[in-house]
Structure formats: C-alpha cells, structure tokens
Amino acid sequence: MLSLSPIRAQAIDAATYYLTEEQALNLPEPSYEAVEKGATNHHVTTPSAGVHATQWFGKIAEKHNLLGKPVEQKLLKQVLAGYLNNEVVKHKRQNHRAGHDLTFSAPKSVSILALVHGDKRLLAAHDQAVKFVLSEIERTTAQAKFSCAETQESDYQNTGNLLFAMIRHKTSRENEPQLHTHVLTANMTYTKDGTLKPLATCLRQSGQVINGTYERIYTHQKYFGMLYQSTLAHAVEKAGYQIRAVGSGQFEIEGVPQALLKENSTRRHQILKQTADKGFDSPNAMSIAAKATRKAKTSIAATDLLARWQRQSQQQDFDGAAFIAQSYGNCAGHTTATPSTHNDATAIDALERTVAHCSHFSSVLCYEKLIERAATDFSLDQSIDVRRLKAALDRKIKAGDLIPVDDNRSLLTSQAMIDAEKGLLNTLGESSRSFTIPVRKKSLLPLALSQENQDKLTQLLNSTQPINVVNLQGTSQAISEALLHVGTESRKQVRFITPDSVIRQQTEGSVQRKSFTVWQWLKNQFRDDHVQSLGQFLHQTATLNSKDLLVVEQSNKLNIADTQHILTKAKTAGSKVIFLNAVDSRHGLYAGNVMDILQKGEVLTLHWHSPRQHPPAQITVKIGDTQERQQAIVQQYADMTSDERRHTQVLVPSKQRAETLNQAIRGALLRQGDISRQSLTLKTIQAVFLTPQQREIATHYRPGMVLTEFIDNRRTVSLVETIAQVDNTLTLKT
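Cut-offs used in this document
- Starting from 1, residues in each chain are numbered consecutively following that chain's sequence as written.
- Where local features are concerned, this predicted model is filtered to residues with pLDDT of at least 70; where side-chain atom pairs are given and counted, the filter is 80 or more; whole-chain, interface and lining totals use all residues.
- Calculation of side-chain values draws on the structure's entire complement of heavy atoms; hydrogens and water are dropped beforehand.
- For the purposes of this entry, the term helix denotes a DSSP run of H or I that reaches at least four residues, the term strand denotes a run of E that reaches at least two, and both are numbered from the N terminus.
- Whether a residue is buried, partly exposed or exposed follows from its accessible area with a 1.4 Å probe, protein chains only, as a fraction of its type maximum: under 20%, in between, or over 50%, in that order.
- Any pair of N or O atoms that falls within 3.5 Å is considered a polar contact. Within protein, one atom must be able to donate a hydrogen and the other to accept it, and sequence-neighbouring residues count only if both atoms are side-chain atoms.
- Throughout, a residue-residue contact means that at least one pair of heavy atoms, one from each residue, lies within 4.5 Å.
- The disulfide definition used here is simple: a pair of cysteine sulfur atoms within 2.5 Å.
- Aromatic rings from Phe, Tyr and Trp, with only the six-membered ring used for Trp, were paired whenever their centres fell within 6.5 Å, and each pair was classed as stacked if the ring planes differed by under 30 degrees, edge-to-face if by over 60, and tilted otherwise.
- We call a charge positioned above a ring when the Lys NZ or Arg CZ atom is no farther than 6 Å from the ring centre and deviates by at most 35 degrees from the ring normal.
- The criterion for strand pairing is that DSSP finds at least two bridges linking the strands in question.
- To obtain each axis, a line is fitted to C-alpha atoms, and for helices this fit is confined to the stretch in contact; angles are then taken between N-to-C directions over 0 to 180 degrees.
- For this analysis, a salt bridge means a side-chain nitrogen from Lys or Arg found within 4 Å of a carboxyl oxygen belonging to Asp or Glu.
- When an angle is under 35 degrees it counts as roughly parallel; over 145 it counts as roughly antiparallel; between 65 and 115 it counts as roughly perpendicular; any other value is oblique.
- In this scheme, a crossing is called left-handed if the near helix is turned counterclockwise away from the far one by less than a right angle; it is called right-handed if the turn is clockwise.
- Three categories are distinguished: nonpolar for Ala, Val, Leu, Ile, Met, Phe, Trp, Tyr, Cys and Pro, charged for Asp, Glu, Lys and Arg, and polar for the others, with Gly belonging to the last.
- A helix is expected to span 1.5 Å multiplied by its residue count minus one.
- Patches were defined on residues exceeding 30% relative accessible area and lacking a salt bridge, with like-charge contacts within 9 Å and nonpolar side-chain contacts (Val, Leu, Ile, Met, Phe, Trp, Tyr) within 5 Å.
- Accessible surface is estimated by sampling points in the Shrake-Rupley manner with a 1.4 Å probe; for residues, cover comes only from the protein chains shown.

> I'd like a description of the side chain of Gln-454, backed by residues and values.
Along the chain, Gln-454 falls in helix α18 (residues 451-462). For Gln-454, a relative accessible area of 13% gives the class buried. Reaching out from Gln-454, the side chain makes a polar contact with the backbone oxygen of Leu-449 at a distance of 3.2 Å. Discounting residues that sit within four places of it in the chain, Gln-454 has contacts with Leu-444 and Leu-449.

> Mind laying out the state of the cysteines, listing which residues take part and the relevant values?
Under the criterion given, the structure shown has zero disulfides. In this structure Cys-358 is a free cysteine whose sulfur lies 9.8 Å from that of Cys-366, the closest cysteine sulfur available. The buried category is assigned to Cys-358, whose relative accessible area is 15%. What makes Cys-366 buried here is its relative accessible area of 18%.

> Any chance you could break down the packing of aromatic side chains for me, citing the residues and the numbers?
Counted under the stated rule, the structure contains seven aromatic pairs. Taking the centre distance of 5.0 Å and the plane angle of 75° together, the rings of Tyr-17 and Tyr-18 count as edge-to-face. Using a relative accessible area of 8% as the deciding quantity, one classes Tyr-18 as buried. For the ring pair Tyr-214 and Tyr-218, a centre distance of 6.3 Å and an interplane angle of 35° mean the geometry is tilted. With Tyr-214 and Tyr-218 both in helix α6 (residues 213-219) and four residues apart, this pair spans about one turn of that helix. Residue classification places Tyr-218 among the partly exposed residues on the basis of a relative accessible area of 44%. Among the aromatic side chains, those forming a connected cluster through ring pairs are Tyr-241, Phe-318 and Phe-323. The ring of Tyr-190 is capped by Lys-63, whose NZ or CZ atom sits 4.9 Å from the centre of that ring. The ring of Tyr-328 has Arg-121 sitting right over it, with the charged end atom 3.9 Å from the ring centre.

> Account for the sheet that holds strand β27 (residues 729-733), with residues named and values stated.
Strand order across the open sheet formed by three strands is β25-β26-β27, with antiparallel pairing between neighbours. Looking at the sheet topology across the chains shown, the edges are occupied by β25 (706-711) and β27. Strand after strand, the sheet turns through a mean of 45° between neighbouring axes, direction not considered. Inspection of the sheet shows β25 paired to strand β26 (residues 714-724) by six bridges, in the antiparallel sense. Looking across to β26, one finds that Leu-707 is bridged to Ser-718.

> Describe in detail the sheet that holds strand β4 (residues 53-57), supporting the description with residues and values.
In spatial order, the strands read β1-β7-β11-β10-β4; together these five strands make up an open sheet with antiparallel pairing. Looking at strand neighbours, the two that pair on one side only are β1 (2-6) and β4, the edges of this open sheet. Put simply, the sheet's adjacent strands are angled 20° from each other on average, direction ignored.

> Report on the pattern of salt bridges, specifying residues and quantitative values.
Going through the model one piece at a time under the given rule, you end up with 20 salt bridges. The partner of Glu-452 in a salt bridge is Lys-456, and the shortest N-O contact between them spans 3.5 Å. You can see Glu-452 and its partner Lys-456 sitting in helix α18, four residues apart, about one turn around the helix. With a shortest N-O distance of 3.2 Å, Glu-508 and Arg-504 are connected by a salt bridge. Pair noted here: Glu-508 and Arg-504 are both in helix α20 (residues 501-510), with a separation of four residues, about one helical turn. With a relative accessible area of 17%, Arg-504 lands in the buried category. One connected set of salt bridges, linked through shared partners, spans Glu-136, Arg-139, Lys-390, Asp-394 and Arg-409.

> Residues and numbers for the environment of Leu-196, please.
Position of Leu-196 relative to the elements: it lies in strand β13 (residues 196-197). As for Leu-196 and Leu-84, which are separated by 112 residues in sequence, their C-alpha atoms are 9.2 Å apart. In this structure Leu-196 touches Leu-84, Glu-87, Val-88, Val-89, Lys-90, Met-188, Thr-189 and Tyr-190, once residues within four positions along its chain are discounted.

> Give a description of the packing of helix α25 (residues 626-638) against helix α27 (residues 655-671) that names residues and reports values.
Two elements in contact, α25 and α27, have axes whose closest approach is 9 Å; the angle formed by their N-to-C orientations is 45°. Classified by the angle their axes make, α25 and α27 are oblique. In terms of crossing hand, the pair formed by α25 and α27 is right-handed. Contacts between α25 and α27 involve Thr-626, Arg-629, Gln-630, Ile-633, Val-634, Tyr-637 and Ala-638 from the former and Arg-657, Thr-660, Leu-661, Ala-664, Ile-665, Ala-668 and Leu-669 from the latter. Of the residues that constitute the contact of α25 with α27, the class distribution is nine nonpolar, three polar and two charged.

> Give me helix α7 (residues 221-238): which residues, what numbers.
Taking 1.5 Å of rise per residue, the 18 residues of α7 would be expected to cover 26 Å, and the 26 Å separating its terminal C-alpha atoms lies within 8% of that figure. Buried residues dominate α7, accounting for 13 of its 18 residues.

> Quick one: what's the story with a nonpolar patch on the surface, residue by residue and with numbers?
On the surface, Ile-685, Val-706, Val-717 and Leu-719 cluster together to form a nonpolar patch covering roughly 330 Å² of accessible area. Overall, the relative accessible area of 36% leaves Val-706 in the partly exposed class.

Right, dumping it as structure tokens:
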C-alpha cells in the first residue's frame, strides 16, 4: 500500500522524527538460519543487531555520490530545508516546503515472516520493490516550473531526477510488526541547465497533461501502490512462497494463519472503524482516518516486543522457521520465474477491454489509469500481475497500436480514436444559415444576473454558430433558467437534454420557468415539459425544427456516440445546440473527453462562473459518539414544528447512514403521532447503462440489479442475487 502526506514539521524536527521514532526500540532483526545437527536440519530464528535501515536513492543522490549511503540526520535536515552540499534551491522561500512522505507498507504476512521469523529475503524484496516504484515516480512525475516575466504564464519542464531519503520502520503505532518505508521526497530537482529548483506545483490544471510533481503522484497513487505490490509479489513467489489476492491489487502469503494476521492488524481495524463511523470509504478518507486515530509510538523493551510477537505465532500453532524452510525447498533449483503465457494473454485481454471501454468516452487515454483500470475493473483474473499489464501496454505502444501524444508518454491514443474524433468534428461541418437567436433586452432585466453574465448570455444566443459550448464552474441553475426564460421569450422551444433519468429529475426540480407577469404565468401553464433524458430524446417520435433550442446539461458525462447522435439530429433539423460542460480546477485530469474534442472545431466557447449559493447553516448537534449523535438528531428533528421541518435539511455522508437515520426519524414521528401508521412502499428502478466491455465483468454488477434482455423479440427479466468475482459469474433469479 502507498500513502501520501506532506512533511509538515520544520526540517530539523522532521529529520529528528523520522530517524529517531523507533530508536528507543532498537529492535533486533531476527535472522532465519538452517542449522545442521546429525542427520537432520534444525531451522531456527536467531536475533541479530538491530540497525536503522536507511539509504539515499534517486538520480540526485547518484549525482552527489550519496546513492545507497545511510541517511544522516545533519544532511537530511539540510536537504529538507532546501540545501544540498554547497547548493541552495533557487528562489527558496523563507517558509520552504520540505517535501512529501511517500509511505510504502508491506502486506501483514510479509511483515510477520520478515520481522518476527527472520526471512531477510523479504526485507530485501521490499526494498527493491520500493526502489522500482521510486524509479518510475522519478521518471514520470519530476517537474520544475518556470514563469514568463512578461505574460506571467507558467511553463513546466520534465526533469526526470529526484532525491529520496528511504527510512525503513518495523512497527505500527500499536507496536505490532509492520514493515514499511518512509520515503522522504525532497522539494528539489535539477533543470536541464543544471539549476537546482523546487518541484513544480499546479493548483489549476488546464489542457491534457497533468502538471506538478505531487499532483502527478497523487493522481496516480493507486497505480504506484499496485506497482509496488505487484513487484513485491513477484519476488515473494520467486522466494518459494504462494500468494493469494485480497483485492485492489494487494496480496498475502498463503499459509500464514488468518487469525495471526488479524491479531496483528489493530491499526487497520481502527481505521476501518473510523471510516465506517463517518460513512466514508475512499482512499482519501482512509488517510484522514489514519491520521485521526494515530497515536505516538510507545517504548517497549526490544526483547520483550520480539518475544511477544513470537509468542503470538506459537499460540496460533504457526512455526515460522519451518514455514520459511519449506519456501527454500520450493525454490531450490529455480533461479528465475517461469513466464506464464496464460497470464500474458489475460493481461492483453484486460488491456484491450479497458481501451475499448474508455474509447466510448475519450480520445485520449492516460497510461497509468489504463493499467489501474485494467487490473481493477476489466480483468477476469483477480490476481493479475500489474507488471505484466505494464509490459503488455509497452508492447502495444511499441507496435503502434497505441500512439503517445506527449513527450512523457503518459497520454495515449489510437487510430480508431483519431478516426472517431475526426468523425465527430466532421459532423460539425459548415452551415450556410445563421443560428442567431435575437435577445429581447426586456427579458434579461428581471433575471438576477450580473452585467457580465447578461453579456455572455446575449453573445451565446446571438452567436451564428449551430454548436456552442459553455465551460461551467459552479451550478448550472442560473444559466439554465436564463436560457429557458430568454429563449422562450424569443419564441424558441427550449429543450433540456440530460445524460440520464436521475439528472433529468434534478433538472426538473431546479430549472423552472420564470413568470414575471400574469400573462407569462398563464402561458407557462400550457407549455410542454422542457426536460428530457438522453434516451427519451433519441427515441422520441416528435420531429425537431429550427425553432428548437437544445440545451444539454452536464454534457461532460456524454460519450462520443451519444454526442454524435445529438449533433446529427440537430443538424438535420437546423436546431441550435448549447452544451453545458461542468468543469472545475481539476479539468485537466479528465482531458480528452468529448467536450474537449468539440472545442477543437468551429464552435463558440464561453466560460461561465456561477458560485453555489449556500444558505446560512447552523450546527446544532456536535457529539463524537455516533449512536448518541444520531439519537440527538432524531430527537431534535422530532421536536420541530412542521414549518421548521420544511426548512431543515439533515445531511449524512453515505446512503447507508441516510437509510438508518431516516428509519429512526420515521420511528420517532410515528410514536408521537405525526405520521400515519399506514404506509406504502414503492420500489423504483433506475437505469444503469454498461458498455459492452463492462457487461462482461461481474464487478460492474450489484445484488438487486434487474437485468432486462430481449431474446427472439421476447422480453426476459432477471434479478441479480449474488456476484462471484473469483470465477466472474452472476446468480440470477428469473
């Protein structure tokens, strides 16, 4: 696993903390040995002197003759402060950022065999796996930033060199065996002209390439973590152990008792409990939970701690020395792992399925995300080797099946994607007619729009272009209601198209026709519904004409084929189209989508900023315990008047928490007679559209889903009861 965090302490404090945190333990490193006695071999674990396993790594370390040397506190302090030997980081600020801590944690079974039972091969394998990933991070993420004095625009240079201080620790904060390495990544890199500069940062992404060193590492955190696990797993298998996949690209060594793993995983249980209590389960939430539940490491006599670990193994009837001895026997005579043709075929199959799926939505694919998604979302083998995926992807690039579109080879495309992009742009074409919609200034006056947004709305409707894209930051309600009102007053039939039925319902509730006069109100009562889902629009029998104005909500969620269908229908009818493209500061992370393609053609592009209006909020319940907090919320809501409840919103972090709290509130209202004891439950079905590639993988289904298929013009409905990811099967009930 890979976790990320900034080095927040001052340089001297950070250097002291990382290098001395486990110093009080001075843990001995047990060493497995095979001792010959008579006709038999006795396998024992003996202690050896404990030392801090530290070393410098990276091309900057190599440049300064530090590669592989121990990390000393004095030099580490200087490096984190922005100094390296006789050099200082150019433009170093007084509050210089020290850098970031990249923490690589080994699977619990590896930690137990290495730290408790002395298989030093696993320590070396862990170190080599960390170095392999650091080399990839250095090659693909290192950047320096340059600013143009005249234009104030930023430019980024890929440098390919970093400085890492690797500090290996052995215990968790619960004093359990946990092999992990803190990799302190210094905030410095050499530019092509040899200048030592701070690492690039980029708060607002634009274009297709992600800029900023930490931003790149953060974006591909899961990929780098999976690459570490895959590299370590390969070395573990080579050492004679069998492994089993445990999900998300992670593994454990087969044969180490599950009860022993659980007994030594207190920190994980604390983190999972914290995230469950809060209702979040994302990687970022896990990181926050880890910090919230973290306590200082306590000092225990080293011999006592090692004896306790070994006693736990004995209580589980696990003979670690004999288990290690068996691994030596398993790998005897085998110097290299035998390549598996099946695994290569599985990797190629997963990659091709991933590329085909992503091609529906984008013309540019991200190298790291392709591998990540191939391993987690589109592989039939849960234990697929990420290194094989990487090798297979590299072969596809070399063969020309995928084409790099940037110097760093992080963005890829294919000839099929290029053809699809050309086809979409050709649909725009040229038109001899004007698509200008005259704007009556009187219709703008009642709208609560700034003068800038009034001018943009006028420019949008007056545009002669048939296709228009609005890059929207914030909520779309203001521009959508303005388009509906002004377009209607200009005698246009304004039709809103949404990607799915859920967004259609949201749009129907938020985008209402405006009535500023009695006559407007009366006419609005007889106007047709103005919101359709994409499916309704594409299959409607009513024909479009030049009086129709099509407004596509959240158009960034459309795929290329659906966008092509909308453009074709609009072009045939002579209708004007406005795409509302929801973007934010991370827009560059999703570059290459269909809206990016459209903006390469002859379209009008505008930027609209409409900040979300948050009503005044008051926090009335602040209780740490989840159960007590829920009871307090329920009681407070039940004590409100009907009018107060209409103006009160209870926010929860997850769907599961919402169901629990709704049941509790309903029960309280029922007990005090505020709602009837008679109830009616209505079950609804929400459409879920899967690409052909997703339909082949069980991971994309959920219990309770309803599958509808047509066989020989006969409609068959099935209910998904269970999902078996291991053999990629569904259990259906018809």
